[in-house]
Each structure stands twice: as structure tokens, then as C-alpha cells.
Amino acid sequence: MKLNIQLTEEESESINSFLKEVVPPKVAHDDFLKAALFAGLRGMEISYIDSMKKKIEADRANLKSSGIDVDQIIEEMEKAIK
């Protein structure tokens with residue numbers, strides 16, 4: 001899959017400046033950006049799951065009364081972020 005991102009000139013300059021400063025000499029910029037993308041997505045996934053767990057915990061009694069196994073759902077969510 002190929003991913004294209006439209007950046008303003010300022011954003012593009014910022015990214016290029018950042019890459020020049022932080023990418024190790026023997027690492028390709030594309031490889032570095034791919035790793036950064038996946039790290040960012042993983043962080044977003046963890047944040048989303050944490051948010052959902054809080055909402056589930058806040059509504060635990062209502063969900064349980066509807067026959068939903070809240071503990072199992074939370075356990076599955078925690079497995080997903082390990």
C-alpha cells in the first residue's frame with residue numbers, strides 16, 4: 001500500500017528538518033516514517049481503548065443488567081493493548 005499525505009510547504013519543511021535531526025544515518029527516511037506512523041497509531045489505539053474502558057466502567061451496572069459480561073469485555077480490551 002502506498003500512502004500519500006498532502007502537506008503545506010511549511011509542514012513539509014518541518015518534517016524534513018525533523019528527519020535531518022533525528023533519523024539515524026543508516027535508516028531510510030521511509031522506514032523511519034513507517035515506524036513513526038505505526039507507533040502513533042498504536043498510541044492512538046491504546047488511548048481509545050483506555051477511553052472505552054472508562055466509559056464501560058462508568059456504566060458497569062447498566063451494562064451488567066443488560067446481560068453484558070463487562071469483565072470479559074475489559075479483559076479482551078486489555079489483551080488487545082499488550
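For the structure itself, look to the data block above.
Numbering of residues starts from 1 in every chain and runs along the sequence as written. At least 70 in pLDDT is required for a residue's local features to be given in this predicted model, at least 80 for side-chain atom pairs to be given and counted, and no such filter applies to totals for whole chains, interfaces and linings, which use all residues. Calculated side-chain values reflect all of the structure's heavy atoms, with hydrogen atoms and water omitted.

1. Description of the overall build of the protein chain
In DSSP terms, a helix is any run of H or I states spanning at least four residues, a strand is any run of E spanning at least two, and both are numbered starting from the N terminus. Helix and strand counts for the protein chain come out as 4 helices and 0 strands. In summary, the protein chain has a C-alpha radius of gyration of 20 Å against a globular reference of 12 Å for 82 residues, an excess of more than 25%. Here, two residues are considered to be in contact whenever any of their heavy atoms come within 4.5 Å of each other. Considering only intrachain contacts with a sequence separation of at least 6, the fraction spanning at least 24 residues in the protein chain is 37%. Every accessible area reported is derived by Shrake-Rupley at a probe size of 1.4 Å, with residue values counting cover from the shown protein chains alone. About 7,000 Å² of surface is accessible on the protein chain, with carbon and sulfur atoms providing 56% of the total. One finds the centroid of the 12 positive side-chain charges in the protein chain at a distance of 5 Å from the centroid of its 16 negative side-chain charges. Our radius of gyration looks at C-alpha atoms and nothing else; its globule reference is 2.2 Å times the residue count to the power 0.38. We score Asp and Glu as negative and Lys and Arg as positive, and we do not count His or the chain ends. Every charge is mapped to an atom, namely NZ of Lys, CZ of Arg, CG of Asp or CD of Glu.

2. A look at the packing of aromatic side chains
For Phe, Tyr and Trp, rings pair up if their centres lie within 6.5 Å, where Trp contributes its six-membered ring, and each pair is then called stacked (planes under 30 degrees apart), edge-to-face (over 60) or tilted (otherwise). Evaluated as defined, the whole model comprises 1 aromatic pair. Centroid distance F18 to F32: 6.3 Å. Interplanar angle 50°. Geometry classified as tilted. One end of the pair, F18, is in helix 1 (residues 9-22); the other, F32, is in helix 2 (residues 29-58), and 14 residues separate them in sequence.

3. Structural notes on the environment of F18
Each residue's exposure class comes from its accessible area (1.4 Å probe, protein chains only) as a fraction of the maximum for that residue type: buried when under 20%, exposed when over 50%, partly exposed otherwise. The exposure class assigned to F18 is partly exposed, which follows from its relative accessible area of 44%. Measuring from C-alpha to C-alpha, the distance between F18 and K2 comes to 22 Å, with 16 residues separating the pair along the chain.

4. Some points on the pattern of salt bridges
For this analysis, a salt bridge means a side-chain nitrogen from Lys or Arg found within 4 Å of a carboxyl oxygen belonging to Asp or Glu. Scanning the model with the defined rule gives 7 salt bridges in all. Among the ionic contacts, a cluster of salt bridges with common partners joins E57, R60, K64 and D71.

5. Some points on a negative patch on the surface
For patches, a residue must show more than 30% relative accessible area and have no salt bridge; joins then use 9 Å for like charges and 5 Å for nonpolar side chains, namely Val, Leu, Ile, Met, Phe, Trp and Tyr. There is a patch of like negative charges on the surface, built from E9, E10, E11 and E13. Along the chain, E10 falls in helix 1.

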